[in-house]
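# An overview of the molecular structure
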Amino acid sequence: MTTELVAELQRRAARLAAVATVQQAISATISLKEAYREIYKAVASVVDAPCFALVIADPASEKFEAHCI
């Protein structure tokens, strides 16, 4: 295996682990705010960015609302 392939497999494994963490958190939570926080933490664990925001579309107002920054 090449080092690029190994690195890609490691990135994919990290993403899958993050998805599993979110699934467990959503199953265990009763609050939508907590679910958003867990999604944010999971994405932060696999995305190489200095910062980002989790925004949710509000169909009633047709706007996006920032839930985690």
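Quick notes on the rules
Residues numbered from 1 in each chain as written. Predicted model: local features only at pLDDT ≥ 70, side-chain atom pairs only at ≥ 80, totals over all residues. Heavy atoms only, no water. Helix = DSSP H or I, 4+ residues; strand = E, 2+ residues; numbered from the N terminus. Rg over C-alpha atoms; globule rule 2.2 N^0.38 Å. Buried < 20%, exposed > 50% of the residue type's maximum accessible area, 1.4 Å probe, protein only. Contact = heavy atoms within 4.5 Å. Lys, Arg positive; Asp, Glu negative; His and termini not counted. Charge placed at Lys NZ, Arg CZ, Asp CG, Glu CD. Patch = residues over 30% accessible without salt bridge, like charges linked within 9 Å, V, L, I, M, F, W, Y side chains within 5 Å. Areas by Shrake-Rupley, 256 points an atom, 1.4 Å probe, with all protein chains shown as cover. Salt bridge = Lys/Arg side-chain N within 4 Å of Asp/Glu carboxyl O. Axes fitted to C-alpha atoms, helices over the stretch in contact; angles between N-to-C directions. Parallel < 35°, antiparallel > 145°, perpendicular 65-115°, else oblique. Pairing = 2+ DSSP bridges. Phe/Tyr/Trp six-rings, centres within 6.5 Å; stacked < 30°, edge-to-face > 60°.

On to the overall build of the protein chain, then. Looking only at helices and strands, one finds two helices and two strands in the protein chain. For 69 residues, the compact-globule estimate of 2.2 N^0.38 gives 11 Å, and the protein chain exceeds it by more than 25% at 15 Å. By principal-axis analysis of the C-alpha atoms, the protein chain measures approximately 50 × 25 × 20 Å. For the protein chain, buried positions account for 14% of its 69 residues. Contacts spanning at least 24 positions in sequence make up 23% of the contacts within the protein chain whose residues lie at least 6 apart. Across the protein chain, the mean location of the 7 positive side-chain charges is 3 Å away from that of the 8 negative side-chain charges.

A cluster of nonpolar side chains, namely Met-1, Leu-5, Val-6 and Leu-9, defines an oily patch on the protein surface of about 400 Å² accessible area. Relative to the assigned elements, Met-1 resides in the segment before helix 1 (3–28).

This part is about the packing of helix 1 against helix 2 (residues 32–46). Helices that pack against each other are described as a pair by the angle of their axes relative to one another and the distance between those axes. Where helix 1 contacts helix 2, the axes come no closer than 9 Å and their chain directions differ by 170°. Considered as vectors, helix 1 and helix 2 are oriented roughly antiparallel to each other. Contacts between helix 1 and helix 2 involve Ala-14, Arg-15, Ala-18, Val-22, Ala-25 and Ile-26 from the former and Ala-35, Glu-38, Ile-39, Ala-42, Ser-45 and Val-46 from the latter.

Of note in this structure, Glu-62 is not a glycine but carries a positive phi near 60°. Summarising the element assignment, Glu-62 is placed in the loop between strand 1 (54–58) and strand 2 (63–68).

With that settled, the discussion passes to the pairing of strand 1. By the bridge criterion, five bridges tie strand 1 to strand 2 in an arrangement that is antiparallel. What sits directly across from Asp-58, in strand 2, is Lys-63. Between the end of strand 1 and the start of strand 2, which pair antiparallel, lie four residues, with Glu-62 showing a positive phi angle near 60°.

Summed over all chains, the structure comprises one aromatic pair. An angle of 25° between the planes, with centres 4.4 Å apart, marks the rings of Tyr-40 and Phe-52 as stacked. On the criterion of sequence distance, the pair formed by Tyr-40 in helix 2 and Phe-52 in the loop between helix 2 and strand 1 is long-range, its members being twelve residues apart.

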